[in-house]
Structures are given as C-alpha cells and as structure tokens.
Amino acid sequence: MFGTNNDSNGSSIDNNNSSKVSKIYPEARYFVSKAQHNVRYDFSSKTQPVLKVDQDDLVHVETNDCFHGMVQPDSLLSWEERMKKNSINNDDYGGASSNSNGSSTSTGSCSILDEIPRSKRNPVTGPIYVNGARPGDILAVTLLDIRPKGIGVSCCGSQSGQLCHLMKKDSISIRFFDLNQCRTIVTMRDDDDDDHNNDNKEKEEEEAMTSNSNESVENIITIDNNTNSPNLQHPQQPPKRWRQRRLGPISFPASPMLGVIGVAPSSEDEDPIGTIPAGKHGGNLDNNCNGIGSTIYLPINHPGALLSIGDMHASQGDGEIAGTGVEIGGDVLLKCRVIKQEDVYGKLLFDDDEEDETIETSSSSCNNSSKWKLEYPVTETATHWITHGVVEGDIPKTTSIACTEAAKILVTQWGFTIEESFIFLSVKGDLGLCQACNPDVGTQIAKMSVPKIENVCPRPFRVLMPQRSPSS
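Residues numbered from 1 in each chain as written. Predicted model: local features only at pLDDT ≥ 70, side-chain atom pairs only at ≥ 80, totals over all residues. Heavy atoms only, no water.

Visitor: I keep staring at the environment of Met83 and nothing clicks. Help me out?
Guide: Tracing the backbone shows Met83 in helix α1 (residues 73–86). Among the residues examined, Met83 registers a relative accessible area of 11% and is labelled buried. Taking the C-alpha atoms as reference points, Met83 and Cys110, 27 residues apart in sequence, are found 9.4 Å from one another. (Helix = DSSP H or I, 4+ residues; strand = E, 2+ residues; numbered from the N terminus. Buried < 20%, exposed > 50% of the residue type's maximum accessible area, 1.4 Å probe, protein only.)

Take a look at the structure:
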C-alpha cells in the first residue's frame, strides 16, 4: 500500500521515502520531512514528486523557515564574530551590534542575509502528486493544523518596505521571537537587555543630540526629490526622551499561517518559477488567511498538481510591509481534494466563439468563456472566501485583478450580473493587501474578501454546497 506507484507518465514514485508514521500527527497516513531530498526552491512540472497521495489522505508535512534555519541567534553571533575578524581589510563591513538575546542591527554593505542568495530563500517541501488531479481541475488543499516550532525571526532594512526611509542608511535590523509552551503567544526579544532601565544609555543619547543641537528637528527628515519619499538623514534613533516608556514586552497572539503554497505552473508561464514570487500557480501569496482550517483552491496545470508548501509564519500582518512575518519552521497537517472543472464551470466549458445565454451579464459583451474561468487561487475561511491579484511592482493593478476574480465567481457561480457584482463588492467586500513591501522588485499581492452569506454567496463554488433532496 505504501510502496511504489506509477503516475500517468509512467515514472515511479516511491512512497517509502516518506514515512507513514508521524509522531506529531498519528492520524496522518504520510509524513514528508524537511530533509534535503524533499526540499525545493521552485515550482516546476519537471520535478519528480516525493509522494503520491489519494484524495482526503491526511499528510503531515514538515517545513523550514524562509531562511532555511540559517538566521538564528547562534548563527548570527558567529557570523558577526567572523566578520569582525575579517574587517581589518574589509571596508564593506560597517559593524553590527548584538546583545545576549541575539537581536542585531548591522550597518554597511554586508549582512548575514547576503550569505543566503535570493534563489535559496523560501524553501518548500514537496512536490506531492495527488491522484485524479488533471489540468483544468481545481485542487482544494485544507490546512487542518499548523504548528510552528523553534525560534522565529523577522527583519527590516533600509532598501525596501513601507518604512525603509526611516531606517539608518545601509542598515538591516534582525529580531527574534519566542513561542510560549502552548504556541499561542509570540514574544519579540528585546533590542537591549536593559532597554527600559539603562539610564546611562539615555544620557549618552541625549549628549549626542546636544552635540548636534544646531541641527533642527525639521531637518532630520527631508523629501527625496527623485522618489518623492521621506529620507532620514540623521543616523541616530530619536532619543528616548522623545519616546514614552514601553508598557511591557512586545507579545501578541500567534496566528500561524503558510506564506507559500502552490502547484506546478502552466506551460504558458515560466517553468520553473522560484518560490519568492507569487502567481496564478499560487506560490508566495503571503495571505495571512491561509491559516488553520482554511482551504486554498489552486487551478491545476499538470497531472497530479504537484503541490508544495513552505514559508510558515507564526504571525504576519496584512501587507507584510517589511517583507517578513515571524519566519519559522514547523509542521502542517493537510488533505487534498480535486474539484472537476466540469462540476465548477458546467456550461462555461464551450468554445470561445459560442455565446452562453445562461450567464446574465447585462448588456456588456462578455461571451468569451475563458474570461470567466478562475485564474488565480482562492482561499476559503469559516467566514469569507478570498480572491487574489498578483502583479510585479504594481499595486493598483493587483487590486483590479483581485476584484475581477471575485466578480467572476459572483457571476458564474451565484447568478450576479456584472453591475450587481460591482455594487455588492463595493458595499460588502473588503479589499486588502497580502504583500505590499513597497518599494521592492518583487510581486505585490492584493486580496478581495467576500463574506459568506447564505443564499447569496455562501461558498466560492456552487458545487461545494450540499446536494438538496428533490423534496426539499
């Protein structure tokens, strides 16, 4: 039962490489570890699956954090010691300050992050071949449980993100996070062990500001004429006398989620696609609604779908404005179902030159069936279903795509007209951002959240509704 299987192309898939025993999830039929042979850095139709599963099989998948465990307190301190030894003849190293908690702020043109190429970030575990998945169908992946483990890490820098203009020039700041025993609370480690009681440090900061007293506060922040954005000219943090004392540790409830989930891309898109961008195949969606209990619907492009997941976050805010959540490894329990395209689209599966009179789209000319099929992933939670829009470096266009995808569902699945969809999404939908680390060279991701209203739009697809008996 757990031996070698053959896929539709005749290639063998050895399920013995994935243990059927999971200590964390005993109910799981399969366990896929984060061992190197199960880890990838792209989504590709050419990658041999590590596992073949049937629909509704419970699968335990272990994931790495986005830095593959290479940015941790011990490794950061070791890196800084090594750089200090080599800095005698290295002008690029501007110095780094760490404390006993491992938190660090480095300046200069090098950072520990530079030792992790962009192409080697966001490792995913997989791919997993799902029996019965065919191109045109939709893969429904339900995340039954997500358990982060270890130390979380997040960082910000002066080169990208919504607040990069307030950072010191050429700086990167790294902070670590701890989970409580029940994994329900996340706590950021302090920047300084005695952050609230170090009076000597406060005096030093005040003296430093006094020595620069000829410079007015108004001159600290100016506007960059080239980017029309603020520019922090003064290299120092505001003195503590400008700030209120923090009430306590920076602790908050954990909200574990998956930043990366996707399938092999279509032949029309680039193949392979790395794990940093998002797209129609899914990928680095960074939707914080992709958490415990949610189902992600992914358009299938290749036999078996070839599902991979990774980039777990213990918490992430909408927009992920610094480019990182609480990056952490962990364990995921999931199951997959295949929704056949004929069950979703029905009469939409006709030639593009035919007119479908069953879709009420008012007087608008919208008879091309391909325009009404789902192109991007959809997330379903207990209260909403959520569409996505993905474009590189263009937030307004991402929002337009996310809204269009939601309108497609309302029109084809729930009988709305275009005008009804437009108004309904305006008065009841919530337009937001999954990823808005701007300025940044990467993809920007928008989401339209639609409330699940009974007898209006209770699910993303009508086929998911329970079948009513003829007498009901």
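Visitor: Teacher, can you tell me more about the nonpolar core here?
Guide: Side chains of a nonpolar character, in soluble globular proteins, are inclined to be buried together. Ranked by size, the top nonpolar core spans 35 residues in total, and within it Val59, Leu139, Val141, Leu307 and Leu334 carry the most contacts. Per-element accounting of this core gives the leading share, five residues, to strand β23 (residues 327–339). Ignoring sequence-local partners within four residues, the contact set of Val141 consists of Ile261, Ser294, Thr295, Ile296, Leu298, Leu307, Leu334, Lys335 and Cys336. Core analysis: the next-biggest nonpolar cluster, separate from the first, contains 23 residues, Tyr345, Leu410, Phe461 and Leu464 among them. (Core = buried A, V, L, I, M, F, W, Y, C linked by side-chain atoms within 4.5 Å. Contact = heavy atoms within 4.5 Å.)

Visitor: Would you explain the side chain of His313 in this entry?
Guide: Position of His313 among the secondary structure elements: in strand β22 (residues 307–313). Polar side-chain contacts of His313 include one of 3.2 Å to the side chain of Asp311. Ignoring any residue separated from it by four or fewer positions in sequence, one finds His313 in contact with Ser255, Pro256, Met257, Gly259, Asp286, Glu320, Gly325, Val326, Glu327 and Ile328. (Polar contact = N/O pair within 3.5 Å; in protein donor to acceptor, adjacent residues only side chain to side chain.)

Visitor: Got a minute to help me understand the packing of helix α4 (residues 395–414) against helix α5 (residues 418–428) in this structure?
Guide: Each pair of packed helices can be described by the angle between their axes along with the distance between the axes. Contact geometry for α4 and α5: axes closest at 9 Å, N-to-C directions at 125°. It follows from the interaxial angle that α4 and α5 lie oblique. With respect to the hand of their crossing, α4 and α5 are arranged in right-handed fashion. Of the residues in α5, those in contact with Cys403, Ala406, Ala407, Leu410 and Val411 of α4 are Ile418, Ser421, Phe424 and Leu425. Residues of the contact of α4 with α5, tallied by class, amount to eight nonpolar, one polar and no charged. (Axes fitted to C-alpha atoms, helices over the stretch in contact; angles between N-to-C directions. Parallel < 35°, antiparallel > 145°, perpendicular 65-115°, else oblique. Left-handed = near helix turned anticlockwise from the far one by under 90°. Nonpolar A, V, L, I, M, F, W, Y, C, P; charged D, E, K, R; others polar.)

Visitor: Got a minute to help me understand the pattern of salt bridges in this structure?
Guide: The final tally for this structure, using the stated rule, is 16 salt bridges. In this structure, Arg147 and Asp145 form a salt bridge, with 2.7 Å as the shortest nitrogen-oxygen distance. Owing to a relative accessible area of 28%, Arg147 belongs among the partly exposed residues under this scheme. The shortest N-O distance in the salt bridge between Lys280 and Glu375 comes to 2.9 Å. Within this pair, whereas Lys280 is found in the loop between β19 (278–279) and β20 (282–283), its partner Glu375 is found in the loop between α3 (341–345) and β24 (378–380), the two being separated by 95 residues in sequence. For Glu375, a relative accessible area of 31% corresponds to the partly exposed category. When salt bridges that share partners are traced, they join Lys280, Glu375, Glu405 and Lys408 into one network. (Salt bridge = Lys/Arg side-chain N within 4 Å of Asp/Glu carboxyl O.)

Visitor: What is the right way to read a nonpolar patch on the surface from this model?
Guide: A cluster of nonpolar side chains, contributed by Leu163, Leu166 and Ile321, occupies part of the molecular surface with about 260 Å² of accessible area. Inspection of the secondary structure assignment puts Leu166 in the loop between β11 (138–157) and β12 (171–179). (Patch = residues over 30% accessible without salt bridge, like charges linked within 9 Å, V, L, I, M, F, W, Y side chains within 5 Å. Areas by Shrake-Rupley, 256 points an atom, 1.4 Å probe, with all protein chains shown as cover.)

Visitor: Looking at this model, I keep getting lost on the pairing of strand β25 (residues 384–392). Mind explaining?
Guide: Here is the key point about a regular strand: its side chains alternate between the two faces of the sheet. Of all the nine residues making up β25, seven are buried; the element is thus mostly covered by neighbouring parts of the structure. Pairing of β25 with strand β27 (residues 443–451), which is carried by nine bridges, proceeds in the antiparallel orientation. Following the sheet pairing, His384 is matched in β27 by Pro451. (Pairing = 2+ DSSP bridges.)

Visitor: How do you make sense of the pairing of β27 when you look at a structure like this?
Guide: Across the nine residues of β27, nine count as buried, placing the element largely inside the fold. Of the two faces of β27, the one carrying Thr443, Ile445, Lys447, Ser449 and Pro451 and the one carrying Gln444, Ala446, Met448 and Val450 are both buried. In this structure, strand β26 (residues 430–435) lies alongside β27, joined through five bridges in antiparallel fashion. If you follow Gln435 over to β27, its bridge partner there is Ile445.

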